[in-house]
Amino acid sequence: MKQKIVIKASMPCEKSRAKAMALVARAHGVISVGITGDAKDRMEVVGDGVDSVCLVSCLRRKLVHAEILQVEEVKEKKPEEKKPEEKKPEEAKVVVHQQPYYYCHPGGYYHHYHAPPPIVVCGEQSNCPIM
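Residues numbered from 1 in each chain as written. Predicted model: local features only at pLDDT ≥ 70, side-chain atom pairs only at ≥ 80, totals over all residues. Heavy atoms only, no water.

By the naming in an unreviewed UniProt entry, the protein chain goes by HMA domain-containing protein and is assigned to Eragrostis curvula.

This is the structure we're talking about:
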């Protein structure tokens, strides 16, 4: 469930705002963080499965006094319905499935054996005493 959390925190300077935003951005499930309000004292956090109580208590412990103002569910915008367009004949699509080099069938294990390269043996005798 995607939710929007508005947190009021006492952030007097830009440095403390940056630290608070970095702390909130590291939290599990946070998608976006923004500073809002006339006095830039509110943080708007959007995330999926964010624990708002844990987030505020972490802010209180690490940086500044904070309190939860609002928690609401974010609803996805439905795309506007378009008029059905004329269907064009689709071109034939070719789908190629590539198997990995070593492919294991569900019924058992098969190892692909590669034969060694061929060796050429010459039957002629040479006059070289080293060989």
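A.B. asks: I would appreciate a short explanation of the overall build of the protein chain in the present structure.
C.D. replies: Scanning the protein chain from terminus to terminus reveals two helices and four strands. Here the protein chain holds 131 residues, and 19% of them are scored as buried. Surface exposure of the protein chain reaches about 11800 Å², of which carbon and sulfur atoms provide 54%. (Helix = DSSP H or I, 4+ residues; strand = E, 2+ residues; numbered from the N terminus. Buried < 20%, exposed > 50% of the residue type's maximum accessible area, 1.4 Å probe, protein only. Areas by Shrake-Rupley, 256 points an atom, 1.4 Å probe, with all protein chains shown as cover.)

A.B. asks: Just to check I follow, could you spell out the sheet that holds strand β1 (residues 2-9) for this structure?
C.D. replies: In a beta sheet, neighbouring strands pair by backbone hydrogen bonds and run either parallel or antiparallel. Read from one edge to the other, the open sheet built from four strands follows the order β2-β3-β1-β4, with strand pairing classed as antiparallel. Strand pairing shows two members of the sheet lacking a second neighbour, β2 (30-36) and β4 (66-73), which therefore form its edges. Shown here is a sheet whose adjacent strand axes are inclined to one another by a mean of 20°, direction ignored. Pairing of β1 with strand β3 (residues 42-48) involves seven bridges; the strand directions are antiparallel. Each residue of the ladder has a partner; that of I5, found in β3, is V45. (Pairing = 2+ DSSP bridges. Axes fitted to C-alpha atoms, helices over the stretch in contact; angles between N-to-C directions.)

A.B. asks: Got a minute to help me understand unusual backbone geometry in this structure?
C.D. replies: With the exception of glycine, most residues fall at negative phi, and the peptide bonds are largely trans. Positive phi outside glycine occurs at K40, with the angle close to 50°. With respect to the element layout, K40 can be found in the loop between β2 and β3. K40 sits in the partly exposed class, given a relative accessible area of 44%.

A.B. asks: When you look at the side chain of S52 in this model, what are you seeing that I'm missing?
C.D. replies: Position of S52 among the secondary structure elements: in helix α2 (residues 52-62). With near-sequence residues (within four places) excluded, S52 lies in contact with I5, I68 and V71. (Contact = heavy atoms within 4.5 Å.)

A.B. asks: Just to check I follow, could you spell out the packing of helix α1 (residues 14-25) against α2 for this structure?
C.D. replies: For any two helices packed against each other, one specifies the inter-axial angle together with the distance between the axes. Between α1 and α2, whose axes approach to 10 Å, the crossing angle comes to 140°. Taken together, α1 and α2 sit at an angle that is classed as oblique. Relative to α2, the crossing made by α1 is right-handed. Where α1 abuts α2, its residues A20, L23 and V24 lie against L55, C58, L59 and K62. (Parallel < 35°, antiparallel > 145°, perpendicular 65-115°, else oblique. Left-handed = near helix turned anticlockwise from the far one by under 90°.)

A.B. asks: Hey, could you run me through the side chain of S16 in this one?
C.D. replies: Mapped onto the secondary structure, S16 falls in helix α1. Residues contacting S16, with those up to four places away along its chain left out, are M11 and L63.

A.B. asks: Help me understand the pattern of salt bridges, please; the structure alone is not making it clear to me.
C.D. replies: Pairs may arise between side chains of opposite charge once their charged atoms sit close together. Counted by the stated rule, this structure contains four salt bridges. E14 is the partner of R17 in a salt bridge, and the nearest nitrogen-oxygen pair spans 3.1 Å. On the criterion of helical spacing, the pair formed by R17 and E14 is a turn pair, its members being three residues apart in helix α1. A relative accessible area of 12% means that R17 is categorised as buried. Look at E14 and you get exposed, because its relative accessible area is 55%. Among the salt bridges present, the one from D41 reaches R42, with a minimum N-O distance of 3.9 Å. Look at D41 and you get buried, because its relative accessible area is 18%. (Salt bridge = Lys/Arg side-chain N within 4 Å of Asp/Glu carboxyl O.)

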